[in-house]
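If you want the building blocks of each chain, they are given just below.
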2 protein chains.
Amino acid sequence: MNISITKTTTPKAKPTMDNLPFGKYFSDHMFVMDYAEGKGWYDPRIVPYGPLELEPSAMVFHYAQEIFEGLKAYKSKDGHVRLFRPYKNFERMNVSAERLAIPALDVDFCVDALKQLVELDRDWIPEQEGASLYIRPFIIATDEYLGVRPSDTYKFLIICSPSGLYYPEGLDPVKIYVEDKYVRTVRGATGFTKTGGNYASSIKAQVIAHERGYSQVLWLDGVEQKYVEEVGSMNIFFKIDGEVVTPMLNGSILSGITRMSTIELLKKWGVPVSERRISIQEIFDAYQAGKLEECFGTGTAAIISPVGELRWEDHVMTINDNQIGEITQRVFDTITGIQTGTMPDEMNWVVTVD
Amino acid sequence: MNISITKTTTPKAKPTMDNLPFGKYFSDHMFVMDYAEGKGWYDPRIVPYGPLELEPSAMVFHYAQEIFEGLKAYKSKDGHVRLFRPYKNFERMNVSAERLAIPALDVDFCVDALKQLVELDRDWIPEQEGASLYIRPFIIATDEYLGVRPSDTYKFLIICSPSGLYYPEGLDPVKIYVEDKYVRTVRGATGFTKTGGNYASSIKAQVIAHERGYSQVLWLDGVEQKYVEEVGSMNIFFKIDGEVVTPMLNGSILSGITRMSTIELLKKWGVPVSERRISIQEIFDAYQAGKLEECFGTGTAAIISPVGELRWEDHVMTINDNQIGEITQRVFDTITGIQTGTMPDEMNWVVTVD
Ligand SMILES: Cc1ncc(COP(=O)(O)O)c(C=O)c1O
Ligand SMILES: Cc1ncc(COP(=O)(O)O)c(C=O)c1O
């Protein structure tokens, strides 16, 4: 399929690239493609960024048949535009699509479309340290119909936002609240996908955690409310007595691409790492025994976020004296080094655009 | 707040009111109101039905911060327009709003707005038996922002769809598949609300059930996958050995207004009815003992839907010889009689518009 390109005739003023907020400004263009039952995905096009016109009866407004992805583009010192493992994002989008009864995408085609879009908007990629072009592919159901069933029509879009840090804390350790009342999802439901409903369901607990002075919530499993799952938009890692542990992919947490990359790096370095079920009680026991050495979150938006405090019920666990740990720092340096091109990409993770 | 009214200058052709589909046609007008943090709900207006213009970054497309309601208007033989328990819908909408971190609505104001809208579009209310004007209030998050947090801006709309039967079966008993793999939701999550994500998560199991020849799925609880919860868009009732039983409100099922009305009627009639936890094994045991006498679903869209067959794993339970049961019929006759005005409204459920 050929991608038609309509360039904007009224380029927007770019925001000041210093101290950029996350996900608030959008570049000049977007990619759009439509789907109709019997016809498949059609009319792929890059057009000026602008509003969507949808009937109030469009299914996405009522039944949230919607999925999304998130990845980043960086510009390296020599001016090359670099995408971090973009195939993984579109492969995961197809996993989400399958669960949400949304038609699959052609992964290679999507990466190609993304390259063309990012190339066109390359001047929107910030070069400041810690900043990047955050890329948001998403699919929404557009049938004008109020019955509950899969839509016959969809829109797939890619929008781009020059963005700074996701957490204002940056690499300063964050405080995380272990949620013991609300539940995000459960095995058998949609927790392993990136679908809007998972996030809608998480907002309230996050608001309460904020009010209590915590920046994020750590979710426990929906069945027993005992086992650690993940943070709002990050997977979670613990270093306990020399071993790095992260919850296994159990159907209710997202298979994070930063998680996957972190595990691959640790293995390469010979650091013991295991993916398994881990209860919050075990974390607390390790803490009390002085063996909870590091804790960090992994996710595209924040990349690596050290956790300095975990609160579980009345227990406050201060981790590594509220300092970033050694492994945490090494994973952060390596992943950001590869992303921005200051370190060699030995794993072949980066796809350059030009 | 005063509701401004802009009438359409190009009224649409009405569909043939015989054999109307459900939720496919929409009336000439809609109600719209906006919300901004610090300002509250503002600018309530009735305007011609038409598309919404939203930025691709609008939060509803990404994080499904959205809730909805569903109720019906009927026209009685003497021409009066009748709404069935509309206050309950807006009260429940506020329950959903609270869980989804969406600002509350003024219930009386909403019923008033709805009355004005329905009065204006009264010619869109079908008078055919079984048909009605299906009313869909909904709220969507509109902030142009990609971080996960509550939106600061929202849109509240009410749209109206002249609709026929929800199930093509009508009062013919439906076949229902007991879902033992997929899960809709779990206590602590959003199951008791009407938020899009609950429905998105349910679509896949429903598609599979359809392929197997079943019209709906009966969900089991998310924790043990043992206890009966509800159907896709209905609560469920069983008559076992003379007693009517329905799952208790446990935080993961919707508090249906038809369910509530059914319980109130049964109590008034002196029919034993209990709300409690009920396992699918108990249903099957009752079936085997010849004591599963009736089964029916309750919901605004289908009103009362007799269940003729329940399939659980390899067990096929045929209920009441695939005929509508006595209690099922009586509840159906009474609720529809009250809704349409052919029976006295002793419970004061109906709100007339004019
Ligand atoms: C719920 C959730 N968990 C984990 C992650 C981390 O995944 P990734 O590393 O692919 O960004 C994200 C963000 O994408 C997320 O939304
Ligand atoms: C999940 C679910 N359960 C039950 C119901 C029945 O509720 P009500 O009787 O208020 O329509 C509905 C429909 O509204 C529903 O969507």
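Residues numbered from 1 in each chain as written. Chains lettered and ligands numbered in written order. Predicted model: local features only at pLDDT ≥ 70, side-chain atom pairs only at ≥ 80, totals over all residues. Heavy atoms only, no water.

Some remarks on the overall build of chain A
Within chain A one finds seven helices and 19 strands. For 354 residues, the compact-globule estimate of 2.2 N^0.38 gives 20 Å, and the C-alpha radius of gyration of chain A, at 21 Å, lies within 12% of that figure. Taking the principal axes of its C-alpha atoms as reference, chain A extends roughly 60 × 50 × 35 Å. The buried share of chain A, reckoned over its 354 residues, is 63%. (Helix = DSSP H or I, 4+ residues; strand = E, 2+ residues; numbered from the N terminus. Rg over C-alpha atoms; globule rule 2.2 N^0.38 Å. Buried < 20%, exposed > 50% of the residue type's maximum accessible area, 1.4 Å probe, protein only.)

Remarks on the nonpolar core
Within soluble globular proteins, side chains that are nonpolar generally end up buried alongside one another. By size, the foremost hydrophobic cluster in this structure holds 180 residues, and its most contacted members are Phe61(A), Phe156(A), Phe238(A), Phe61(B), Phe156(B) and Phe238(B). Contacts of Phe61(B), omitting those with residues within four sequence positions, involve Leu52(A), Leu54(A), Val60(A), Phe61(A), Glu66(A), Phe138(A), Ile140(A), Leu54(B), Glu55(B) and Pro56(B). (Core = buried A, V, L, I, M, F, W, Y, C linked by side-chain atoms within 4.5 Å. Contact = heavy atoms within 4.5 Å.)

A short note on the relation of the copies chain B and chain A
In screw terms, the move from chain B to chain A is a rotation of 180° and a rise of 0.0 Å along the axis, fitting with an RMSD of 0.0 Å. Here the transformation between the copies is reduced to the relation of a two-fold axis. For chain B, the smallest separation between a C-alpha atom and the rotation axis is recorded for Gly197(B), amounting to 1.9 Å. Interface overlap between copies is the fraction of interface residues in one copy that are interface residues in the other; for chain B against chain A it reaches 100%, indicating a shared surface. (Least-squares fit on C-alpha atoms with pLDDT ≥ 70 in both.)

Here we look at helix α7 (residues 326–340) of chain A
Residue and element names in this part refer to chain A. Its 15 residues give α7 an end-to-end C-alpha distance of 21 Å, which sits within 8% of 21 Å, the value for a rise of 1.5 Å per residue. Ile-327, Thr-328, Val-331, Phe-332, Thr-334, Ile-335, Thr-336, Gly-337, Ile-338 and Gln-339 are the residues of α7 that are buried. Just downstream of α7, Gly-341 is the residue with a positive phi angle, here 90°. (Expected span 1.5 Å × (residues − 1).)

As for the UniProt feature "modified residue: N6-(pyridoxal phosphate)lysine" (unreviewed entry) in chain A
Residue and element names in this part refer to chain A. UniProt's feature table lists "modified residue: N6-(pyridoxal phosphate)lysine" (unreviewed entry) at Lys-194, given in the numbering used throughout. As for its placement among the helices and strands, Lys-194 is situated in the loop between β10 (174–178) and α4 (196–211). In contact with Lys-194, other than residues within four places in its own chain, are Glu-66, Ile-67, Phe-68, Glu-69, Gly-70, Arg-92, Ser-96, Tyr-199 and Leu-254. (UniProt positions renumbered as here; feature names shortened; annotations may be inferred.)

Observations concerning the packing of helix α5 (residues 257–269) of chain A against α7(A)
Residues and elements named next belong to chain A. Remark: α5 packs on α7, axes separated minimally by 11 Å, with the N-to-C direction vectors making an angle of 110°. Taken together, the axis directions place α5 and α7 in an arrangement best described as roughly perpendicular. Contacts between α5 and α7 pair Thr-258, Ser-261, Thr-262, Leu-265, Leu-266 and Trp-269 from the former with Ile-327, Arg-330, Val-331, Thr-334 and Ile-335 from the latter. Of the residues belonging to the contact of α5 with α7, the class tally is six nonpolar, four polar and one charged. (Axes fitted to C-alpha atoms, helices over the stretch in contact; angles between N-to-C directions. Parallel < 35°, antiparallel > 145°, perpendicular 65-115°, else oblique. Nonpolar A, V, L, I, M, F, W, Y, C, P; charged D, E, K, R; others polar.)

Focus: unusual backbone geometry
Residues and elements named next belong to chain B. Positioned with a positive phi, Ala-101 is a non-glycine residue whose angle comes to about 60°. By secondary structure assignment, the location of Ala-101 is in the loop between α2 (86–99) and α3 (107–120). Even without a glycine there, the phi angle at Asn-320 is positive, about 50°. Mapped onto the fold, Asn-320 is located in the loop between β18 (315–318) and α7 (326–340).

Topic: the site of ligand 2
Residue and element names in this part refer to chain B. Among the 16 residues in the neighbourhood of ligand 2, the closest are listed as Lys-194, Tyr-199, Glu-230, Thr-258 and Thr-300. Here Thr-258 contributes a side-chain N or O atom positioned 2.6 Å from an oxygen atom of ligand 2. In the environment of ligand 2, an oxygen atom lies 2.6 Å from a nitrogen or oxygen atom belonging to the side chain of Thr-300. Contact with the protein chains removes 96% of the 380 Å² of surface that ligand 2 exposes when unbound. Put simply, the parts of the chain that give the shell around ligand 2 at least two residues each are α5 (257–269) and β16 (292–299). Residues belonging to the shell around ligand 2 are distributed by class as follows: four nonpolar, eight polar and four charged. (Near = heavy atom within 4 Å. Polar contact = N/O pair within 3.5 Å; in protein donor to acceptor, adjacent residues only side chain to side chain. Areas by Shrake-Rupley, 256 points an atom, 1.4 Å probe, with all protein chains shown as cover.)

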